[in-house]
Amino acid sequence: MQEKTFQKVMVANRGEIAIRIFRACYDLGLRTVAIYSNEDTYSLFRTRADEAYLVGRNQSPLAAYLDIPAIITLAQRRGVDAIHPGYGFLSENADFAKACEEAGITFVGPSSRVLAQMGDKLAAKATAIACGVPIIPGSTEPLKDADEAVEKALSYGFPVILKAAAGGGGRGMRRCDSEEEVRRNFELVKGEAKKAFGNDDIFIEKYLVEPKHIEVQILADQYGNVVHLGERDCSLQRRYQKVVEFAPAWSVPQEVRDALHADAVKIAKHVGYVNAGTVEFLVDKNGGHYFIEMNPRIQVEHTVTEMVTGIDLVRAQLLIAEGCPLSDPRIGMAKQENLNVNGYAIQCRVTTEDPANHFAPDTGKITAYRSGGGFGVRLDGGNAYTGAVISPYYDSLLVKVTSWDNTFEGTCNKARRAISEEHVRGVKTNIPFITNILAHPLFRAGQCHTKFIDEAPELFE
Ligand code: ADP
């Protein structure tokens, strides 16, 4: 393997993550290329790149960012060396990674082979089994029909969960508490899976009651070196989607965290993983841990890991893609012992959603915006500024507010203060809801599990 130096990097994404990646590129002295859809003509991110090109002139707002041939052709024409896919859109698409490989453009992420293996939850579970990593009891092959699902459910005991093998983003999952519910949800989940992911393979597993969602950040270079950068607690969820994340997962016993780290590294090594990735686990009340999936890309919540480790994950991704080893001083992870987790970080996802109205996305013009700040506060935004127009076409993330301090309590206080400094006029936001989470005694005591938000009506007051 040889190190190559990039000159120009394209980001096949939009919004905050595009800006986040451009920043890392500039810090490395690289030129940047943005793509944007018609609907994003006036979005901030495209002005943050050295060059920006419209894709999918006559396509839907989402299709523009999913148009593999158009993106590859553009990248070739503009002399792009590498494409960073961000998260969502094409980031886990093995066909896209393959198209990049075939076009002689570096895909900033793992190989198409690994993406294909990890994109399917059943295949990923099979990998975990092969590594001796515990998984949740469940089917290992796609379910044939509802009868088979019921038969399995009865053997695991209720509750169970039906899941789309190709699922992501909290979609294509339904809990079932009875035989009747399994039958009813079987077709529903299958239909959702087909519609959302173009693949109607579904499987069933035991539903864990009140687990924590703990995930391990991995970095792997092209020379077989794999390290972990500690873990994140992402248990604060609504509809299986993360709302507030923090690092480290201090309320989980150290020996459990050690086991998660070891298992995550084992899986990454086993599949020949290269670049940044996240191995996700559920941890039950007894400290039992179970692999659920691997996300072969940068994650929204990577900021908390950066804050406590001091390692720039997106820069590391670019350097690894260039062929640099983990020992490169700009990454600084020659050995696992180099990892130094310092203090506590909390990321809050400020969205343009109205908590008083079932989190319905709000749209319109931001008539006034003032940001929070101060020592240990970091903002990653895409369209948080006065005059920005929030459209209905894309996700409702406005700004990620990540706070750091040397105690968890201090970080909660700081996060709450920073959030209270965020003033947004013209569109509704979830700021009051987040403020309630940060003040909640169970959150501060580290006692939150994945159902906490659903069971705490006081958060909505
Ligand atoms: P996605 O790929 O859509 O993000 P995941 O498999 O990562 O889906 O699961 C997302 C969340 O769904 C988990 O963090 C957890 O809250 C819930 N979940 C998934 N599987 C189970 C399960 N077997 N038992 C209980 N909760 C689950």
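Above this text you will find the structure in question.
Let me sum up the structure you'll find in this document. All values derive from a computational prediction rather than experimental measurement.

## Looking at the sheet that holds strand β2 (residues 31–36)
1) Next: Taken in spatial order, the 5 strands of this open sheet run β3-β2-β1-β4-β5, and their pairing is parallel. Each having just a single partner strand, β3 (51–54) and β5 (106–107) make up the two edges of the open sheet.
2) Next: As judged from the 4 bridges shared by β2 and β3, these two strands associate in the parallel manner. Opposite Tyr36, over in β3, you have Leu54 as the bridge partner.

## Overview of the pairing of strand β21 (residues 397–405)
Regular strands place side chains that alternate from one sheet face to the opposite one.
1) Next: In terms of burial, β21 is largely enclosed, as 9 of its 9 residues are buried.
2) Next: Bridge count for strand β14 (residues 344–351) against β21 is 8 bridges, and the pairing is antiparallel. Opposite Thr351, over in β21, you have Leu397 as the bridge partner.
3) Next: Across 5 bridges, the pairing between strand β19 (residues 377–381) and β21 is antiparallel. Looking at the pairing, Gly381 lines up with Val399 of β21.

## Digging into helix α12 (residues 408–421)
1) Next: With 14 residues, α12 ought to run about 20 Å at 1.5 Å a step, and its terminal C-alpha atoms sit 20 Å apart, in line with that.
2) Next: Among all positions of α12, only Phe408, Thr411, Cys412, Lys414, Ala415, Ala418 and Ile419 are buried.
3) Next: In the core, the buried residues of α12 are packed alongside β14, β19, β21, α13 (431–439) and α14 (441–444).

## Some details on the nonpolar core
1) Next: Counting 80 residues, the largest nonpolar core has Met10, Ile83, Ile218, Leu219 and Ala268 as the members making the most contacts within it.
2) Next: Setting aside residues up to four positions removed in sequence, Ile218 forms contacts with Val226, His228, Ala264, Val265, Ala268, Tyr273, Ala276, Gly277, Thr278 and Val279.
3) Next: Met307, Val308, Leu438 and Phe443 belong to the second largest nonpolar core, which has 40 residues in total.

## Topic: the site of the ligand
1) Next: Neighbouring residues of the ligand: 19 residues in total, closest Gly168, Leu208, His213, Tyr240 and Thr450.
2) Next: Within the residue set of the shell around the ligand, elements represented by two or more residues are β12 (275–283) and β13 (289–295).
3) Next: Along the lines of polarity and charge, the residues of the shell around the ligand split into 9 nonpolar, 7 polar and 3 charged.

## A few points about the sheet that holds β13
1) Next: Taking strand neighbours across the sheet as the criterion, the 8 strands line up as β13-β12-β9-β10-β11-β14-β21-β19 in an open arrangement whose pairing is antiparallel. Each edge of the open sheet is held by one strand with a lone partner, namely β13 and β19. Sheet twist, expressed as the mean angle between neighbouring strand axes with direction ignored, is 25°.

## Observations concerning the pairing of β2
1) Next: Counting buried residues in β2 gives 5 out of 6 residues, a clear majority hidden from the surface.
2) Next: Pairing of strand β1 (residues 8–11) with β2, which is carried by 4 bridges, proceeds in the parallel orientation. Following the sheet pairing, Val9 is matched in β2 by Thr32.
3) Next: Between the parallel elements β1 and β2, the chain passes through helix α1 (residues 15–27) in a crossover that is right-handed.

What counts and what doesn't
- Residues numbered from 1 in each chain as written.
- Predicted model: local features only at pLDDT ≥ 70, side-chain atom pairs only at ≥ 80, totals over all residues.
- Pairing = 2+ DSSP bridges.
- Helix = DSSP H or I, 4+ residues; strand = E, 2+ residues; numbered from the N terminus.
- Buried ≥ 20, exposed ≤ 12 C-beta atoms within 10 Å, placed from the backbone.
- Expected span 1.5 Å × (residues − 1).
- Contact = placed C-beta atoms within 7 Å.
- Core = buried A, V, L, I, M, F, W, Y, C linked by C-beta atoms within 7 Å.
- Near = placed C-beta within 6 Å.
- Nonpolar A, V, L, I, M, F, W, Y, C, P; charged D, E, K, R; others polar.
- Axes fitted to C-alpha atoms, helices over the stretch in contact; angles between N-to-C directions.
- Right-handed = clockwise from strand over helix to strand, strands pointing away.

The values reported here are purely geometric and, on their own, carry no functional implication.
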